[in-house]
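Listed below, chain by chain, are the residues.
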Amino acid sequence: MKKFSQRHLLGIKEITTDDIELVFETADNFKTVINRPIKKVPSLRDITVANIFFENSTRTRISFELAQKRLSADVVNFSASSSSVTKGETLVDTVKNILAMKVDMVVMRHPAPGAHIFLSKHIDAQIINAGDGTHEHPTQALLDAFSIREKLGSVKGKKIAIVGDITHSRVALSNIFCLQKLGAEVMVCGPTTLIPKYISSLGVKVEHDLMKALNWCDVANMLRIQLERQDIKYFPSLREYSMLYGLDKKRLDSLDKEIVIMHPGPINRGVEITSDVADSKHSIILNQVENGVAVRMAVMYLLAGQN
Ligand code: NCD
C-alpha cells in the first residue's frame, strides 16, 4: 500500500506530488462513501482528534469535523476566544494540556505563520494545518486542485489565475505550490500593492490587468481581500477594487471561451465576485465545499495510517 511521506500536514511545500496524487485517489473513494445513504466508515474509530481554532472559521472547521465524524473518530473542539488563551496561556501549554487527555491528532488554525512547524517540534501528536496566518492552508489547496481535476479531467497543463489579495492570502501560497507540483501553469493577478515583490521567483506569471488574466486562464480562483490582516491601506476603496478586479457577468461574457470560476469562501458578493457569477454555471464554489469533506477525510485517513 502507498503511504503518505510526512507524519504531519504542515504545508503543501513539505509534501510530494505522489502524496498529492495519493490524497486524490483516496478522496475519490471517500467521495463515493459520503454520497451513500450510510455515510460513515470505521477507519478512525480509535483515534481522537482535537480541532483547535485560534482564528474564526465556518467552512474549514465544519468540514474537518464532518470528515472526522464520517470516519468515526472521537472529536473535541476548542476555540481560542472561549478558552484559557485569553488568560495568558502559551500555545505549547494549551496544546500539551489537550494532549494530556490522550488526543492523537490536532487540526489547528492559528494566526502566526509557522505556528504548526513550531508545534510539531514540541508535541507528539500528528498535526494538520488548517491555516497559519498568511502562510499556508494546505487542505484548501488540495480540495481546490481536486475540484479542478474533477471538472477538467486533470490539473496538468491547465492555466490557473489566482486573483486578488495575494500578499495576505494563505490560500494563494498553498495553491501555487500544489498546482505547480501537479504541472499546472499559475498566474497571480491583482494590484501591485497586493502582490509580493518576490512572487515571480516561485515561477508564477504576474499580471495586473484582470481581462488579460481572464483571457489567458482556464480557471480563475477569486480570492477575498483579507481586510482583517491589512495593517495599512493597500488600495483607495473597495469600490475601486471591484471596478478593476471584481469579476462580473459582463467581463465573463466578453471572453471568447468558457472558464471555470472558483472561490475558497467566504465570498464578499459585489467586491471580488458578483452574485450572478458566483451562482452561475461557470462556478464550482459549492463543489469545492463538498469536495473539502472527502479531501480532509483522505488526509486524516492517510496520516492515521502511518501509526
Ligand atoms: C480561507 C481562509 O481562511 O484562508 N477560507 C477558507 O478556509 N475557506 C480564505 C479566506 O478567508 O478568504
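Conventions and cut-offs
Residues numbered from 1 in each chain as written. Predicted model: local features only at pLDDT ≥ 70, side-chain atom pairs only at ≥ 80, totals over all residues. Heavy atoms only, no water. Pairing = 2+ DSSP bridges. Helix = DSSP H or I, 4+ residues; strand = E, 2+ residues; numbered from the N terminus. Axes fitted to C-alpha atoms, helices over the stretch in contact; angles between N-to-C directions. Parallel < 35°, antiparallel > 145°, perpendicular 65-115°, else oblique. Left-handed = near helix turned anticlockwise from the far one by under 90°. Contact = heavy atoms within 4.5 Å. Salt bridge = Lys/Arg side-chain N within 4 Å of Asp/Glu carboxyl O. Buried < 20%, exposed > 50% of the residue type's maximum accessible area, 1.4 Å probe, protein only. Polar contact = N/O pair within 3.5 Å; in protein donor to acceptor, adjacent residues only side chain to side chain. Domains from an automatic or database assignment. Buried area = accessible area lost by both parts, 1.4 Å probe.

A.B. asks: How would you explain the sheet that holds strand S5 (residues 159-163) if you had to name every residue and give the values?
C.D. replies: Read from one edge of the open sheet, five strands run S7-S6-S5-S8-S9, paired in parallel fashion. The open sheet has two edge strands with one neighbour each: strand S7 (205-207) and strand S9 (260-262). On average, each strand axis in the sheet is tilted by 25° relative to the strand beside it, whichever way the strands run. As paired strands, S5 and strand S8 (residues 219-222) are joined by four bridges and run parallel to one another. Bridging from a neighbouring strand, Ala161 pairs with Ala220 of S8.

A.B. asks: With reference to specific residues and values, describe the packing of helix H1 (residues 17-34) against helix H11 (residues 285-304).
C.D. replies: Their axes nearest at 8 Å, the elements H1 and H11 cross at an angle of 120°. By the angle between their directions, the pair H1 and H11 is classed as oblique. As for the relative orientation of H1 and H11, their crossing is right-handed in sense. Contact with H1, carried on its side by Leu22, Val23, Thr26, Ala27, Phe30, Lys31 and Ile34, involves Glu290, Asn291, Val293, Ala294, Val295, Met297, Ala298, Val299, Tyr301 and Leu302 of H11 and no other residues of that element.

A.B. asks: Requested: an account of the pattern of salt bridges, with residues and values cited.
C.D. replies: The tally for this structure, following the rule as stated, stands at 13 salt bridges. Note that Glu228 is salt-bridged to Arg224, the shortest N-O span being 2.8 Å. Classification of Glu228 as exposed rests on a relative accessible area of 51%. Given a relative accessible area of 16%, Arg224 falls into the buried group. The partner of Lys281 in a salt bridge is Glu258, and the shortest N-O contact between them spans 3.3 Å. With Lys281 in the loop between helix H10 (275-278) and H11 and Glu258 in the loop between helix H9 (249-253) and S9, this residue pair connects regions lying 23 residues apart in the sequence. As far as burial versus exposure is concerned, Lys281 and Glu258 are alike and both exposed.

A.B. asks: Outline the environment of Lys281, supporting the account with residue identities and numerical values.
C.D. replies: For Lys281, a relative accessible area of 63% corresponds to the exposed category. As a C-alpha pair, Lys281 and Ile261 span 20 residues in sequence and 9.0 Å in three-dimensional space. Within polar-contact distance, the side chain of Lys281 engages the side chain of Glu258 at 3.3 Å.

A.B. asks: Quick rundown of the domain arrangement of the chain? Include the residues and the values.
C.D. replies: The figure often quoted for interface size is the accessible area lost as the parts come together. Parsing the chain into structural domains produces domain 1 (12-136 + 291-304) and domain 2 (138-288). Each of domain 1 and domain 2 was reduced to a C-alpha centroid, and the two centroids are 25 Å apart. Of the roughly 2,400 Å² buried where domain 1 meets domain 2, counting both sides, 61% is carbon and sulfur surface. Three residues, Ile12, Phe24 and Asn291, lead the burial of domain 1 against domain 2; their summed loss comes to 27% of the area buried on that side. Inspection of the domain 1/domain 2 interface yields four salt bridges. Where Glu55 meets Arg229, a salt bridge forms, and the shortest distance between an N and an O atom there is 2.9 Å.

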